[in-house]
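Each chain, written out:
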2 protein chains.
Amino acid sequence: MTVERATKPHWVYAFGGGRADGAAHLKNLLGGKGANLAEMSALGLPVPPGFTITTEVCAAFYENGAKFPAGLTAEVDAALAHIGTSVGATFGDTTTPLLVSVRSGARASMPGMMDTILNLGLNDATVAALATRSGDKRFAYDSYRRFITMYSNVVLDVDHGVFEDILENHKNLNGQMSDTDLGPDDWLDIIAAYKQAVLAATGKPFPQSTHDQLWGAIGAVFGSWQNDRAISYRRMYDIPDSWGTAVNVQAMVFGNRGETSATGVAFTRNPSTGERAVYGEFLVNAQGEDVVAGIRTPQPLTEAARIEAGETLPSLEALMPATFGELSAIFARLEGHYRDMQDIEFTIQEGKLWMLQTRSGKRTAKAALKIAVDMVAEGVLKPEEGLLRIEPSSLDQLLHPTIDPKAHKVVITQGLPASPGAASGEIVFDSNEAKARKAAGHSVILVREETSPEDIEGMAAAAGILTARGGMTSHAAVVARGMGRPCVCGAGALRIDKVAGVVNVLGRQLKRGTIITIDGATGEVIEGQVRMREPELSGDFGTVMAWADKVRRLGVRANADTPRDAKAARDFGAEGIGLCRTEHMFFEKDRILAVREMICADDEAGRRRALAKILPMQRADFARLFEIMAGLPVTIRLLDPPLHEFLPLAGAEVDAVAKELGVDPAKLAGRIAELHEVNPMLGFRGCRLAIRYPEICEMQARAIFEAAVAVAKASGKPVTPEVMIPLVAYRTEYDALAKVIRATAKAVETETGAALTYTIGTMIELPRAALKADEIAAGAEGAEFFSFGTNDLTQTCLGLSRDDAAPILGNYVERGIFEIDPFVSIDQEGVGALVEIGVARGRAARPGLKIGICGEHGGDPASVAFFHRVGLDYVSCSPFRVPVARLAAAQAALRGDAPKSEA
Amino acid sequence: MTVERATKPHWVYAFGGGRADGAAHLKNLLGGKGANLAEMSALGLPVPPGFTITTEVCAAFYENGAKFPAGLTAEVDAALAHIGTSVGATFGDTTTPLLVSVRSGARASMPGMMDTILNLGLNDATVAALATRSGDKRFAYDSYRRFITMYSNVVLDVDHGVFEDILENHKNLNGQMSDTDLGPDDWLDIIAAYKQAVLAATGKPFPQSTHDQLWGAIGAVFGSWQNDRAISYRRMYDIPDSWGTAVNVQAMVFGNRGETSATGVAFTRNPSTGERAVYGEFLVNAQGEDVVAGIRTPQPLTEAARIEAGETLPSLEALMPATFGELSAIFARLEGHYRDMQDIEFTIQEGKLWMLQTRSGKRTAKAALKIAVDMVAEGVLKPEEGLLRIEPSSLDQLLHPTIDPKAHKVVITQGLPASPGAASGEIVFDSNEAKARKAAGHSVILVREETSPEDIEGMAAAAGILTARGGMTSHAAVVARGMGRPCVCGAGALRIDKVAGVVNVLGRQLKRGTIITIDGATGEVIEGQVRMREPELSGDFGTVMAWADKVRRLGVRANADTPRDAKAARDFGAEGIGLCRTEHMFFEKDRILAVREMICADDEAGRRRALAKILPMQRADFARLFEIMAGLPVTIRLLDPPLHEFLPLAGAEVDAVAKELGVDPAKLAGRIAELHEVNPMLGFRGCRLAIRYPEICEMQARAIFEAAVAVAKASGKPVTPEVMIPLVAYRTEYDALAKVIRATAKAVETETGAALTYTIGTMIELPRAALKADEIAAGAEGAEFFSFGTNDLTQTCLGLSRDDAAPILGNYVERGIFEIDPFVSIDQEGVGALVEIGVARGRAARPGLKIGICGEHGGDPASVAFFHRVGLDYVSCSPFRVPVARLAAAQAALRGDAPKSEA
């Protein structure tokens, strides 16, 4: 990428002192942190002066082999001078040295994923000046040793264990217990040892040039965009690699200058419940990272919160009432300005308040709903704006089960209710363990002293997270809420011995693998597995869904095979069944025998005998679904899977089944061998089954139509089944089965005297079907509806078997070959192109053709937006994804993408 | 279908008496037989008068549920009256009755597949008149009983065994040995018994109304278009169901009116060798069907042929010199008129010659070449016309091995050299046996008394055909030549006991399953399996190929993995290698161990150790190919198949291989289990392998480039390898490996000091690749060439696994769902649409992009025509199909279809 500008190159945007080059809307260029620092600065809020090096520099840096673009140095020097003027200090000056922080800041928040360096600008000379000017040698030397540690680790790649060992060693030799026991001379000794260690590890002395320090730090922050944690986080949240990060260089302020100094984080509303009350924590005499890292358990901001938590340490409100007042006013101003709940960082240096960050706060789905509904009620937002503030996929959280209030439970201990929902699982102690057990099909609870960005994948793999330390804004809490994982934080009674694989809690020993339950709504940690209950959807949920239903154009149906699914689908607002997979009924215990009998039959008569046994059961299944759906459309797909799926695999099971069927085991084994396929996904399945054995189609059609007649008669309301033929590639296939279905309908009409209304359509799940959609839909007897089966369409379009994809996908996402798993979010350019072709050609042949989609993608927000854009009539997804799809469809409609024509 | 005409309905075209409503160019409407009868009639040749009911009537008949269109009756009656006027007889008249034949006649010749009825118009009254007027009661009654048999069987569906039994019974009761022992009264008794049998079988008397007879026969002939034999023949020769057949009704002429009567068939040139000499056979005092059925061994037409065959029975030339002269003149006239070798049927009734049929004669490939070359030399055809007269797929025959003249052979007996080429196989006695043994992987020789249309599938399954009876124009001979199967006919020494499963020949007993060899060029039947030799391509072949190369636009390459293949490819005129599958090299005994070692390696270092062992072998392979191809392009595909294909399956083999590899059998078994896939076709293969293990790509690229450098150096000629990446779906995949290839090329250049010229391209074998062809080809580093892998593209586009397709395809072709196996001839509308999209998009991104195809379809003439039409640069096929592709490409160019733009 070459970045050229019409005016003079402008890689650096300054802010501070009541003015700013940038603004909040420049988030893509300045990153979220930089843009909001500029915005706050322009608002006249107290922001330490600084500047942002843009994301374009990051892109240019990677394009040019980790070299900075020309002109950057000059711009940085100028901006640095400007900071100096503003604070009355000079970078590198040995009398009044300017110290700065160097922080990352991407377009999307990636908390803790990239690198940060504080106290930059210290060297042997400037530290002396700092000591003199602050009158606090201990503070100066402590800052210097912290800087050496941080810089050496981040920029020079020196293991931070080296520094810990030196410190521990010093304390041991001098009989010192804690860091507070160390005086200035101790720190001087330690600094000398640190510098020695850096020389030994890198072959070069620790850089004394503040200029070199700065450029080293800037390079490291840009470089950290490509560290493993950041890549893995981006993968998880679908953040493109190409966005890059900005770098923010800002004058240091210190929350660790004594008892009149503090640092804190706050949310303008409760990010867990959405309640309208400031929610935050602070630490006296601490630096910012200390709060987020969760090393010390912080104090609440407000008195109300302190009382509610039963906390004894004073609140900020009580401790520094004036500053608290100033802060509260700023919270209100920022929320009003951004018209969204804000997540804010601040520092108080010797009584003076500094704003370090504001951004839209991450929140639970419950909070997102409440905040949106409240803000609409407050007149701050319109309902359409409220809708766009809610992340559709977060709604999943609401549908999580919670602990049944009537269940018996033995509470082991309690922590902070950091992320709602309840989860049961085996105790694991690290990320790898979590991933491995999860992969082996187990539910796990990740139990950690505290979590760090390295734990991100383990947290994703875990059903819930439990930490011994850290508050409601600790890493664990923030990340868990973002992921929708139940989380209990700061359960201080836990004593974790990771090596022994045991956690001791109030005299009780819980070993690795022991099952516990956590309740993220109460903070309770409970023995064993506790009975859960299905979620109750709150009033806010209903309000938001009503808004969504008003604006969305896409219909939302559910994939449901059983009465239970169908009921859930209706509860979640599905407008019909988009996919009823009849084979799931075939697997049920009472009918599998008849199915097997059919498969083993020697001739049509034998198959018909077996099918006659299945007919009444299928009819009853369909009748039940029609009753529940009460007139809503029900799309029933004819038998789809390869027949061998209904047969036992091998060995003793074959003998047992043969006995049950009353056939020779050798014959059954022969049939199994005969039905074995090299690539069953591409084999004898779908419509191919019924084209060979039309009597299967006939039985299923009869079951559907007889059930429709019976339910219509009983309910007095019409039942309009949609009969769907799977795996069609050729119009001739469609015709062969449509003929059987129509003849069966006619027969049922004659026998019952009832008139049937029904439609026949097809899955579009093979590339050929999409390409020949016009032929398949054409004419009076063509397909009356399409439903894109995007699971199979993805498998065939990409030549990638879902069953075999896991190791390939892992490698591909890791290597950046796929930006995202195409089975989770539709591959819009490839598979999507086939969908577009199918829609255009199908509608060209049959104007107004009803078209839906019933693959897993129906519940993925990005995919739903795509399906809206290409003009589908509805999406169908699993019942629990229906609310997600409703909201995603509404957002797609609000964002107003018009259907595209064929590419 | 509704057939409407601007002028008055015209369902019937009359001919005869030197005039005709139709003509040869109306073949689609009148069928081949009808069109040519009209043409001969218009030429003034002696054609018995008659009329043709058009193929449109057939279509209307099937559309209307086996009812004839309105107006047909009147037209048929008028045409019938016209015949009567012409021959001085009246249909159904009891004094001068007109007798007619009713014959099928489709657009393409389908010999013997549909029904024919002779002597129609006979009933109890007209037979008496025939007896009186012919003065030959025996002839009259024999004709009547033949008519009853034929009509009852074809129209009334009475088993002909019934009639045979009555006849046998009569002869037994009366001590008569042969049909010639029976007098008029015997036939009268038999006729009475026949009529009784018809009444018993059908519940109705044999129809005495000649009008009913006629319409029954017309309906039956139309109906026979859908009989199993006809359907199966159409399937074999790709004749669309929609074509339908015409029906020809024609005044009867009799070749069985005594010693001055005869019937015969002739080819104007030798259909086996192409030699310019009349080639034909006749039978004195016989009806036409007798010659074709091969029941009596017929006599040669010419003296020259009689002498050559050592035949003692006189030739027609000797027996009826005047008629022979007339006939010879007609042969010359017809060949000149049609400008093609003709296959002619004629009858001589009491010295008067009648022409019953002419059509372009089926011929062997050898004959086709010779006839084309001769006719061009004779000035009859231009080379371009000559090219269009040769069926490309027939060239396969020329490439069949023949018996090595130096081989030791024990000749058992000799028959007629009916279809060239030699074949060895197990003796089987019927079609089902032939199909079953073939399916089990055996080569079989179908040994029959004579073949009939029912044997068509068995003949296709057999490697060769041997009959005891029948001549060079018998069913077996004609069909075998058409199919390119070696055939020996009329080996009279064979005594076949099908029930015992034994054939006795000159005292020798050959049981079912015994291996024999037949030589279709000499007529020899030989003991056991005889050494064959590769075909020598004659001068005519070279001439025709030179014509083809001059006109074709498509390049033709070969798929070749071994030096032997590469040599064959060059011999057959390939212009390069379009696909070298490197994995075939991996399977060779000396390297499979290293390949397995690589697969079992725990890390990259282990894989590199194993790959280092493979490198010199691969390099030598490529060097050999480059040497043989001497500067022609060579496209090398990187490793493609799933790794488990290189590992043993299970059991003892695993232990043996583990021992060989020096690894724990449990570890090997584990690796096998790990690599097991549900759908390997859609799994860890193609570029996915090398993206995970780039060192494989690196080794292969190194082998290619080092070989290129070495061969270029040794030969002094440049070697330009084309490196092809398989199974690409995403540009990112292409880039990942192209980068490795380029880096390896650079390394080899540095190490050797040589400059490399090479291109990198990709297979387009997944729908996504075709859809994203623009992205894959774009930019300086995009794919430099495409090769469509239509095998995999067909599998994914249709969702049909080739390995599992057989039972599905069988059912589908049978049910008319597929017109043709899409793995044999490309599915132009589906897979072809993807090819068109890929071509259009690829060339849009990279103008002039070189595009080929390397699937099996590259050797299928219809597919080659398609690839020409969509503008590919070349096709690549197996070496033995190269001549087919060259000719097909030339024909496509001559037919002048312009490349289509994207649909």
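This is a predicted model, so every value here is computed, not measured. (Residues numbered from 1 in each chain as written. Chains lettered and ligands numbered in written order. Predicted model: local features only at pLDDT ≥ 70, side-chain atom pairs only at ≥ 80, totals over all residues. Heavy atoms only, no water.)

## Side note on the overall build of chain A
A tally of helices and strands in chain A yields 35 helices and 34 strands. The C-alpha atoms of chain A give a radius of gyration of 32 Å, which matches the 29 Å a tight globule of 903 residues would have. Judged by the C-alpha coordinates and their principal axes, chain A covers about 100 × 70 × 55 Å. Each of the 903 residues in chain A was classed as buried or not, and the buried ones make up 58%. Surface accessibility of chain A: about 34,000 Å² in total, with carbon and sulfur atoms responsible for 52%. (Helix = DSSP H or I, 4+ residues; strand = E, 2+ residues; numbered from the N terminus. Rg over C-alpha atoms; globule rule 2.2 N^0.38 Å. Buried < 20%, exposed > 50% of the residue type's maximum accessible area, 1.4 Å probe, protein only. Areas by Shrake-Rupley, 256 points an atom, 1.4 Å probe, with all protein chains shown as cover.)

## Regarding the relation of the copies chain B and chain A
For these two chains of identical sequence, chain B goes onto chain A by a turn of 180 degrees and a shift of 0.1 Å along the axis, with RMSD 0.1 Å. The transformation just described matches what one would write down for a two-fold rotation axis. Residue by residue, 100% of the interface of chain B is reproduced at the interface of chain A, so both copies engage with the same surface. (Least-squares fit on C-alpha atoms with pLDDT ≥ 70 in both. Contact = heavy atoms within 4.5 Å.)

## What to know about unusual backbone geometry
Although it is not a glycine, asparagine 119 of chain A sits at a positive phi angle of roughly 65 degrees. Looking at the secondary structure, you find asparagine 119 of chain A in strand E7 (residues 116-120). Here asparagine 119 of chain A falls in the buried class, since its relative accessible area comes to 1%. Unlike most non-glycine residues, alanine 630 of chain B shows phi in positive territory, near 40 degrees. Within the secondary structure, alanine 630 of chain B is located in the loop between helix H23 (604-629) and strand E27 (634-637). Given the relative accessible area of 33%, alanine 630 of chain B is considered partly exposed.

## Quick word on helix H31 (residues 790-798) of chain A
A large share of H31 of chain A lies buried, amounting to nine of its nine residues. The set of residues buried in H31 of chain A consists of Thr790, Asn791, Asp792, Leu793, Thr794, Gln795, Thr796, Cys797 and Leu798 of chain A.

## Some points on the packing of helix H34 (residues 861-869) of chain B against helix H35 (residues 882-895) of chain B
Residue and element names in this part refer to chain B. Remark: H34 packs on H35, axes separated minimally by 8 Å, with the N-to-C direction vectors making an angle of 50 degrees. Relative to H35, the element H34 is oriented oblique. Where H34 crosses over H35, the two elements pack in a sense that is right-handed. Of the residues in H35, those in contact with Pro861, Val864, Ala865 and His868 of H34 are Val884, Ala885, Ala888, Ala889, Ala892 and Ala893. For the contact of H34 with H35, the residue count by class is nine nonpolar, one polar and no charged. (Axes fitted to C-alpha atoms, helices over the stretch in contact; angles between N-to-C directions. Parallel < 35°, antiparallel > 145°, perpendicular 65-115°, else oblique. Left-handed = near helix turned anticlockwise from the far one by under 90°. Nonpolar A, V, L, I, M, F, W, Y, C, P; charged D, E, K, R; others polar.)

## Here we look at the packing of aromatic side chains
Under the counting rule described, the total for this entry stands at 36 aromatic pairs over all chains. Ring plane angle 70 degrees and centroid distance 5.8 Å describe the contact between phenylalanine 866 of chain A and phenylalanine 867 of chain A, whose orientation is recorded as edge-to-face. We note that phenylalanine 866 of chain A, like phenylalanine 867 of chain A, is buried. Stacked on the ring of phenylalanine 139 of chain B, the Lys or Arg arginine 257 of chain B has its end atom at 4.5 Å from the ring centre. (Phe/Tyr/Trp six-rings, centres within 6.5 Å; stacked < 30°, edge-to-face > 60°. Lys NZ or Arg CZ within 6 Å of the ring centre and 35° of its normal.)

## Notes on a negative patch on the surface
A cluster of like negative charges, contributed by Asp157, Asp159, Glu164 and Asp165 of chain A, occupies part of the molecular surface. One can find aspartate 157 of chain A in the loop between helix H5 (137-154) and helix H6 (160-173). (Patch = residues over 30% accessible without salt bridge, like charges linked within 9 Å, V, L, I, M, F, W, Y side chains within 5 Å. Salt bridge = Lys/Arg side-chain N within 4 Å of Asp/Glu carboxyl O. Lys, Arg positive; Asp, Glu negative; His and termini not counted. Charge placed at Lys NZ, Arg CZ, Asp CG, Glu CD.)

## Considerations on the interface of chain B and chain A
One frequently used descriptor of interface size is the decrease in accessible area upon assembly of the parts. If you look at the interface, chain B gives 50 residues, while chain A gives 50 residues. Summed over both partners, the interface of chain B with chain A comes to about 4,200 Å²; 55% of that surface belongs to carbon and sulfur atoms. Its salt-bridge partner being lysine 772 of chain A, residue glutamate 829 of chain B comes within 2.6 Å of it at the nearest N-O pair. Summed over the shared surface of chain B and chain A, the number is 26 residue pairs in polar contact (both at pLDDT 80 or more). Of all the secondary structure elements, the ones that give two or more residues to the side of chain B that touches chain A are helix H26 (687-692), helix H28 (731-752), helix H29 (767-771), helix H31 (790-798), helix H32 (805-814) and helix H33 (831-845) of chain B. Here the residues of the side of chain B that touches chain A are counted per class, giving 27 nonpolar, 10 polar and 13 charged. (Buried area = accessible area lost by both parts, 1.4 Å probe. Polar contact = N/O pair within 3.5 Å; in protein donor to acceptor, adjacent residues only side chain to side chain.)

## Some points on the pattern of salt bridges
Residue and element names in this part refer to chain A. Evaluated as defined, the whole model comprises 105 salt bridges over all chains. Here aspartate 561 and arginine 581 are joined by a salt bridge, their closest N and O atoms 3.3 Å apart. One end of the pair, aspartate 561, is in the loop between strand E27 (555-559) and helix H20 (563-571); the other, arginine 581, is in strand E28 (residues 577-581), and 20 residues separate them in sequence. This pair shows no difference in class: aspartate 561 is buried, exactly as arginine 581 is. Bridged by salt links that share partners, the residues Glu583, Arg637, Asp640, Arg685 and Asp792 form one connected network.

## Quick notes on the environment of alanine 889 of chain A
Residue and element names in this part refer to chain A. Along the chain, alanine 889 falls in helix H35 (residues 882-895). A relative accessible area of 0% means that alanine 889 is categorised as buried. Each C-alpha atom of the pair alanine 889 and glycine 121 lies 51 Å from the other, and the pair is 768 residues apart in sequence. Each residue touching alanine 889, except ones within four places of it in the same chain, is listed here: Arg552, Leu554 and Val864.

## Let's talk about the environment of lysine 370 of chain B
All names here are of chain B. Tracing the sequence through the fold places lysine 370 in helix H14 (residues 365-377). Spatially, the C-alpha atom of lysine 370 lies 40 Å from that of proline 807, the residues being 437 residues apart in sequence. Those residues within four positions of lysine 370 in sequence are excluded, and the remaining contacts are Thr273, Gly274, Glu275 and Asp540.

## Quick look at the nonpolar core
In this structure, Phe626 and Leu872 of chain A together with Phe626 and Leu872 of chain B are the most contacted members of the largest nonpolar core, which totals 347 residues. Non-local contacts of phenylalanine 626 of chain A, meaning those with residues more than four positions away in its chain, are made with Gly631, Val634, Ile636, Ile704, Ala707, Ala708, Val711, Val719 and Pro721 of chain A. (Core = buried A, V, L, I, M, F, W, Y, C linked by side-chain atoms within 4.5 Å.)

## So, helix H22 (residues 589-600) of chain B
Here H22 of chain B contains 12 residues, and its C-alpha end-to-end distance of 17 Å stays within 8% of the 16 Å for a straight helix at 1.5 Å per residue. Summarising the contacts, the buried residues of H22 of chain B are in contact with helix H21 (582-586), H23, helix H24 (652-661), helix H25 (665-675) and helix H27 (694-715) of chain B. (Expected span 1.5 Å × (residues − 1).)

## A closer look at the pairing of strand E31 (residues 850-853) of chain B
Residues and elements named next belong to chain B. Direction of pairing for strand E30 (residues 785-788) relative to E31: parallel, over a ladder of four bridges. Looking at the pairing, phenylalanine 786 lines up with isoleucine 851 of E31. The pairing of E31 with strand E32 (residues 874-877) spans two bridges and is parallel. Bridge pairing in E32 links isoleucine 853 to valine 875. A crossover links E31 with its parallel partner E32, the connecting element being H34, and its sense is right-handed. (Pairing = 2+ DSSP bridges. Right-handed = clockwise from strand over helix to strand, strands pointing away.)

## With respect to the confidence of the model for chain A
Residue and element names in this part refer to chain A. Across chain A, the average pLDDT comes to 90, with 97% of residues at 70 or higher. Low pLDDT, under 50, characterises residues 1-9; the predicted model gives this stretch 10 contacts beyond four residues in sequence or across chains. Here residues 899-903 is a poorly scored stretch, pLDDT under 50, and it has 12 contacts once near neighbours within four places are set aside; other chains count. Confidence metrics for the complex model read pTM 0.80 and ipTM 0.79. (pLDDT = per-residue confidence, 0-100.)

## Some details on the packing of helix H6 (residues 160-173) of chain B against helix H7 (residues 184-202) of chain B
Residues and elements named next belong to chain B. Across the interface, H6 lies against H7 with an axial gap of 10 Å and an inter-helix angle of 145 degrees. Here H6 and H7 pass one another in a crossing that is right-handed. Listed contacts from H7 to Val162, Phe163, Ile166, Leu167 and His170 of H6 are Asp186, Trp187, Asp189, Ile190, Ala193, Tyr194, Ala197 and Val198. Its residues assigned to classes, the contact of H6 with H7 comprises 10 nonpolar, one polar and two charged.

## Focus on the sheet that holds strand E30 (residues 721-725) of chain A
Residue and element names in this part refer to chain A. Here eight strands make up a closed barrel; going around it, the order is E27-E28-E29-E30-E31-E32-E33-E34 and the pairing parallel. Each strand axis lies, on average, 25 degrees off the axis of its neighbour in the sheet, ignoring direction. Together, E27 and strand E34 (874-877) form the strand contacts of H35, whose direction differs from that of E27 by roughly 160 degrees.

## Digging into empty space enclosed by the protein
Here the structure, examined in full by the defined rule, presents 11 cavities of 30 Å³ or more. Taken as a whole, the largest cavity holds about 120 Å³ of empty space. When residues of the lining of the largest cavity are traced back to their parent elements, those giving at least two are strand E6 (100-106), strand E8 (245-251), helix H10 (288-293) and strand E12 (342-349) of chain A. Along the lines of polarity and charge, the residues of the lining of the largest cavity split into six nonpolar, six polar and three charged. Empty space within the second largest cavity amounts to approximately 110 Å³. Lining the second largest cavity are 13 residues, with Arg103, Leu118, Met252, Val253 and Leu356 of chain B sitting closest to its centre. For the lining of the second largest cavity, the residue count by class is five nonpolar, six polar and two charged. (1 Å grid on protein atoms, 1.4 Å probe; cavity = no way out; pocket = protein on both sides within 12 Å on 5 of 7 lines; lining within 4 Å. Points joined across faces, edges and corners; volume = space filled by probe spheres on them.)

## Quick notes on the environment of glutamine 828 of chain B
Residue and element names in this part refer to chain B. With respect to the secondary-structure elements, glutamine 828 resides in the loop between H32 and H33. Judged by its relative accessible area of 28%, glutamine 828 is partly exposed. Note: C-alpha distance between glutamine 828 and alanine 546 (282 residues apart in sequence) is 29 Å.

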